[in-house]
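# Architecture and fold: a report
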Amino acid sequence: MNIQRYFLETNSKLDLIPAECGIANLKIEESEKKDPQFCKFLYQKIGEDFYWKDRLAWSLKEWENYLNQSKLKFCVAKVGEDVAGFYEYLNHEDIKEVEISYFGIFKEYFGKGLGGYLLTHALRSGWNHKPNRIWVHTCTLDHPHALRNYIARGMNIFKKEKVRV
C-alpha cells in the first residue's frame, strides 16, 4: 500500500491560529507518565484505525523507559473523568525543536472541535520551551481531517514523500 506522508512545521508562536471547543467539563492535564499500561492503551485504542503499529510490540518496560525521558511531555484530554484524547511531544533542546510525536482523540469526540483545541494546547505548550520550530508529520492513513487541522492551526507543509507500507 502506498501512502502520502506530510511534514509540517511552524516557526513562530505568532502563526498559531487557535481553536476553541465548547465541550463542557473538558480539561487537558499533563500526565505524570507513571502508568505505562495507560499510555500503551491510549496508543493502541486511538491508533487502531490509523495504522499506528510502531509501538505495538513494546513491552511495558520499553514503555516505561520511553516515558521516563525528561524531554517527553505527555498530556491527556478528559471530559469529566472520561479520557477523550492525548498528545505527546519531544522537546529537542539541543537543536531547539519540539516534535509532536503522537496526537489523537477517541472516535466519540470526532467532529466536536476537540482536535483543533487539543492541537492549540499542544502548540502553546511547545512554544513554552522557546524552540525555533515545532514540527509534526501525518499521513493519508491518519484521520481525514488531521492534515487540515495542522494547517488550520498555522502550520505549513515543508516536505512530502510517498511511502510504501
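Attention in this report is confined to the structure presented alongside it. All values derive from a computational prediction rather than experimental measurement. (Residues numbered from 1 in each chain as written. Predicted model: local features only at pLDDT ≥ 70, side-chain atom pairs only at ≥ 80, totals over all residues. Heavy atoms only, no water.)

## Quick look at the pattern of salt bridges
Enumeration over the complete set of coordinates arrives at 12 salt bridges. Ionic pairing is found between Glu81 and Lys27, a salt bridge with its closest N-O pair at 3.7 Å. In this pair, Glu81 sits in the loop between strand E3 (72-79) and strand E4 (82-92) while Lys27 sits in strand E2 (residues 26-30), placing the two residues 54 residues apart along the sequence. One connected set of salt bridges, linked through shared partners, spans Arg5, Lys159 and Glu161. (Salt bridge = Lys/Arg side-chain N within 4 Å of Asp/Glu carboxyl O. Helix = DSSP H or I, 4+ residues; strand = E, 2+ residues; numbered from the N terminus.)

## What to know about helix H1 (residues 36-47)
Compared with an ideal rise of 1.5 Å per residue, which puts 12 residues at 16 Å, H1 spans 16 Å between its outermost C-alpha atoms and is within 8% of the ideal. Residues of H1 that are buried sit in contact with helix H2 (60-67), E3, E4 and strand E5 (97-105). (Expected span 1.5 Å × (residues − 1). Contact = heavy atoms within 4.5 Å.)

## Some thoughts on the packing of H1 against H2
Where H1 contacts H2, the two axes come as close as 9 Å, and the packing angle between them is 95 degrees. Here H2 runs roughly perpendicular to H1, going by the angle between their axes. Here Pro36, Gln37, Cys39, Lys40 and Tyr43 of H1 come into contact with H2, specifically with Leu60, Trp63, Glu64 and Leu67. Per-class residue counts for the contact of H1 with H2 are 6 nonpolar, 1 polar and 2 charged. (Axes fitted to C-alpha atoms, helices over the stretch in contact; angles between N-to-C directions. Parallel < 35°, antiparallel > 145°, perpendicular 65-115°, else oblique. Nonpolar A, V, L, I, M, F, W, Y, C, P; charged D, E, K, R; others polar.)

## Topic: the pairing of strand E6 (residues 133-139)
The element E6 is largely enclosed, with a buried count of 6 among its 7 residues. For strand E1 (residues 2-10) and E6, the ladder comprises 6 bridges, and the chain directions are antiparallel. If you follow Glu9 over to E6, its bridge partner there is Trp135. As judged from the 4 bridges shared by E5 and E6, these two strands associate in the parallel manner. Bridge pairing in E6 links Ile100 to Val136. Note on the crossover from E5 through helix H3 (residues 114-127) to E6: the handedness is right-handed. (Buried < 20%, exposed > 50% of the residue type's maximum accessible area, 1.4 Å probe, protein only. Pairing = 2+ DSSP bridges. Right-handed = clockwise from strand over helix to strand, strands pointing away.)

## Some remarks on the pairing of E3
The element E3 is largely enclosed, with a buried count of 8 among its 8 residues. A two-sided burial pattern is seen for E3, the buried positions comprising Leu72, Phe74, Val76 and Lys78 on one face and Lys73, Cys75, Ala77 and Val79 on the other. Where E2 and E3 come together, 5 bridges link them in antiparallel fashion. Pairing of Glu30 across the sheet is with Cys75, part of E3. Examined bridge by bridge, E3 and E4 share 8 bridges and lie antiparallel to one another. The partner of Ala77 across the bridge, within E4, is Gly85. Hairpin connection from E3 to E4: 2 residues lie between these consecutive antiparallel strands, with Gly80 at a positive phi of about 65 degrees.

## A short note on the layout of surface pockets
Its volume calculated, the largest pocket comes out at about 920 Å³. Lining the largest pocket are 40 residues; nearest its centre among them are Trp52, Phe103, Thr138, Asp142 and Ala146. At the level of secondary structure, the elements contributing two or more residues to the lining of the largest pocket comprise E1, E5, H3, E6 and helix H4 (146-152). Here the lining of the largest pocket takes 7 residues from E5, the largest share from any one element. For the lining of the largest pocket, a count of residues per class yields 21 nonpolar, 11 polar and 8 charged. Of the pockets and cavities examined, the second largest pocket occupies roughly 160 Å³. Looking at the second largest pocket, the residues that line it are Glu29, Glu30, Ser31, Glu32, Lys33, Lys34, Asp35, Phe38, Cys39, Val76 and Lys78. For the lining of the second largest pocket, the elements supplying multiple residues, two or more each, are E2, H1 and E3. In the lining of the second largest pocket, the residues fall into 3 nonpolar, 1 polar and 7 charged. (1 Å grid on protein atoms, 1.4 Å probe; cavity = no way out; pocket = protein on both sides within 12 Å on 5 of 7 lines; lining within 4 Å. Points joined across faces, edges and corners; volume = space filled by probe spheres on them.)

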